[in-house]
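Each chain, written out:
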2 protein chains.
Amino acid sequence: MADPKERVQSIIQKLKGSGHKITPQRLAIAKILADSKGHPSVEAIYDQISGDFPTMSLATVYRNILLLKSLGEVLELGFPDGSNRYDGNRPIPHPHVICIQCGKIVDPDLESLEEMKAEVANDTRFTILAHRLDFFGICHQCQAGEK
Amino acid sequence: MADPKERVQSIIQKLKGSGHKITPQRLAIAKILADSKGHPSVEAIYDQISGDFPTMSLATVYRNILLLKSLGEVLELGFPDGSNRYDGNRPIPHPHVICIQCGKIVDPDLESLEEMKAEVANDTRFTILAHRLDFFGICHQCQAGEK
DNA sequence: TTTTCTGCAAATGCTTTGCATGGGA
DNA sequence: TCCCATGCAAAGCATTTGCAGAAAA
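Report on the accompanying structure. The residue numbers shown here count from 1 along each chain, following its written sequence. Working convention: letters from A go to chains and numbers from 1 go to ligands, in the order in which they are written. Confidence filtering applies because this is a predicted model: local features only for residues at pLDDT of at least 70, side-chain atom pairs given and counted only at 80 or more, and all residues used for totals across whole chains, interfaces and linings. With hydrogens and water set aside, each side-chain value is computed from the structure's full complement of heavy atoms.

## Considering unusual backbone geometry
Trans peptide bonds make up most of the peptide bonds, and negative phi angles are found at most residues other than glycine. Residues and elements named next belong to chain A. Here the phi dihedral of Ser36 falls at roughly 55°; this positive angle occurs in a residue that is not glycine. In this description a helix means any DSSP run of H or I spanning at least four residues, a strand means any run of E spanning at least two, and both kinds are numbered starting from the N terminus. Mapped onto the elements of the fold, Ser36 is located in the loop between helix H2 (24–35) and helix H3 (42–50). Each residue's exposure class comes from its accessible area (1.4 Å probe, protein chains only) as a fraction of the maximum for that residue type: buried when under 20%, exposed when over 50%, partly exposed otherwise. Under the relative-accessibility criterion, Ser36 is labelled buried at 7%.

## Some remarks on the pairing of strand E5 (residues 127–138) of chain B
Strands pair, by our definition, only if DSSP identifies at least two bridges between them. As paired strands, strand E5 (residues 127–138) of chain A and E5 of chain B are joined by eleven bridges and run antiparallel to one another. Residue pairing in the sheet places Gly137 of chain A in a bridge with Ile128 of chain B of E5 of chain B. Judged from the four bridges that link them, strand E3 (residues 96–99) of chain B and E5 of chain B form a sheet pairing that is parallel. Within the sheet, the bridge partner assigned to Cys99 of chain B lies in E5 of chain B and is Gly137 of chain B.

## Focus on H2 of chain A
Residues and elements named next belong to chain A. Between the first and last residue of a helix there are one fewer steps than residues, each counted as 1.5 Å, and that sum is the expected span. The end-to-end C-alpha separation of H2 is 17 Å, in line with the 16 Å expected for twelve residues at 1.5 Å each. Restricting attention to buried positions, one finds in H2 the residues Arg26, Ala28, Ile29, Ala30, Ile32, Leu33 and Ala34. Residue contacts follow a heavy-atom distance rule, with two residues in contact if any of their heavy atoms lie within 4.5 Å. Those residues of H2 hidden inside the fold are in contact with helix H1 (4–17), H3, helix H4 (58–70) and strand E2 (85–87). Immediately downstream of H2, the backbone of Ser36 shows phi near 55°, a positive value.

## A closer look at the sheet that holds strand E4 (residues 105–106) of chain B
The strand order across the open sheet formed by six strands is E4(A)-E3(A)-E5(A)-E5(B)-E3(B)-E4(B), and the pairing between neighbours is mixed. Edge positions in the sheet fall to strand E4 (105–106) of chain A together with E4 of chain B, since each of these pairs with one other strand and no more. In this analysis an axis means a line fitted to C-alpha atoms, helices contributing only their contacting stretch, and an angle means the value between N-to-C directions, from 0 to 180 degrees. Along the sheet, helix H5 (residues 113–124) of chain A contacts E5 of chain A together with E3, E4 and E5 of chain B; its crossing angle with E5 of chain A, the most-contacted strand, is approximately 125°.

## Some points on the packing of helix H3 (residues 42–50) of chain B against helix H4 (residues 58–70) of chain B
Residues and elements named next belong to chain B. Viewed as axis vectors pointing N to C, H3 and H4 meet at an angle of 120°, and their least axial separation amounts to 10 Å. It follows from the interaxial angle that H3 and H4 lie oblique. Our pair here, H3 against H4, has a crossing hand that is right-handed. Here H3 contributes Val42, Glu43, Ile45 and Tyr46 to the contact with H4, which in turn contributes Leu58, Val61, Tyr62 and Ile65. Gly falls in the polar group here, along with every residue not listed as nonpolar (Ala, Val, Leu, Ile, Met, Phe, Trp, Tyr, Cys, Pro) or charged (Asp, Glu, Lys, Arg). Of the residues in the contact of H3 with H4, the class split is seven nonpolar, no polar and one charged. The scheme is simple: roughly parallel for angles under 35 degrees, roughly antiparallel for over 145, roughly perpendicular for 65 to 115, oblique for anything else. By the definition used in this description, the sense in which the near helix is turned from the far one sets the handedness, with an anticlockwise turn below a right angle giving left-handed and a clockwise turn giving right-handed.

## Regarding the relation of the copies chain B and chain A
Here the copies were fitted onto each other by least squares, based on C-alpha atoms from residues at pLDDT of at least 70 in both. For these two chains of identical sequence, chain B goes onto chain A by a turn of 180° and a shift of 0.0 Å along the axis, with RMSD 0.1 Å. Here the symmetry operator amounts to a two-fold rotation axis. When the interface residues of chain B are mapped onto chain A, 100% of them again lie at the interface, so the same face is used by both copies.

## Remarks on the protein's contact with DNA strand C
Near, as used in this document, describes a residue that has one of its heavy atoms within 4 Å of the molecule or strand being considered. Lining the immediate environment of DNA strand C, one finds 19 residues, of which Lys21, Thr23, Arg26 and Arg63 of chain A together with Tyr62 of chain B sit closest. Atoms of DNA strand C within 4 Å of the protein belong to the sugar or the phosphate in 67% of instances, the rest to bases. Polar contact criterion, stated in full: a pair of N or O atoms within 3.5 Å, where within protein one must be able to donate a hydrogen and the other to accept it, and residues adjacent in sequence count only if both atoms are side-chain atoms. Note that a base oxygen of DNA strand C is positioned 2.7 Å from one of the side-chain N or O atoms of Lys21 of chain A. Between Thr60 of chain A and DNA strand C, the recorded distance is 2.8 Å, taken from a side-chain N or O atom to a phosphate oxygen. Looking at the surface near DNA strand C, the elements with two or more residues in it are H2 and H4 of chain A together with H4 of chain B. Counting residues per element, the surface near DNA strand C draws most heavily on H4 of chain A, at four residues. Residue composition of the surface near DNA strand C, by class: five nonpolar, nine polar and five charged.

Below is the structure:
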């Protein structure tokens, strides 16, 4: 996991470099994403910031996530039921393990994905540009007790 | 790829066995899904059937897909932008290769996924129940010409 | 001072749902 | 005949957009 502080700096650089202003709301969003504790949802980000910025709008969260995505500083984990989650700590595609009970999302260590990509490219004659790999299951805590 | 005719039969059996009626609309949807040419979207299914059933409703397509999903006869490939696709030919989770230009979806041959699943389970202490693996890229036709 | 950003509310677009009618078995 | 299924329209929801005022730089 990358150092959250460094990630925030990197994001700020990208923003400035592309002619964007650093507003307090934007910075707050960037900080949460750089940390990406548990891969937050839009709601989670919004709720967390609402304490400091009572007038904060959901639209602002959406707009900034969109911006950071376009700058390649945030990875979107989109789900069809609208429960999207975000990772600004490791913005490059990587596998995720998702607890279908408590919603926790964990990054596993996996090596063999690159060779798999090569195999697929060779097999299908596609030029592979990106990928998405999710495992769904029950985490250890949820198996143990109701918590 | 499974034989579409056998798949239709299998789906019909599941429907009857669970006390559901075989209506013309339902049968038409089942046939298209059993074939799953290019992994159709709801719209694609709807459009294809509209010719034979001018009064066909989108709601009916949605309701039947929901039903077939609950019976385990259809695999849903959900995308956050609402461009969901369906596979009633191979309803068990398997990798997909998606052309981001023309939308084509192909099933590659991949073996190493099972061991990867075991690795993840061991690594994270999750009980893995399902997975989703998509590769995104440009297909051979789209690379060649505009088509 | 200029240009971008924010907040609010209205608009979107896919999917689901309520209800009355219609059609399998 | 008895229910389940369909069609239509309205409702839901996450996300996007238009606009006017606020605030970076």
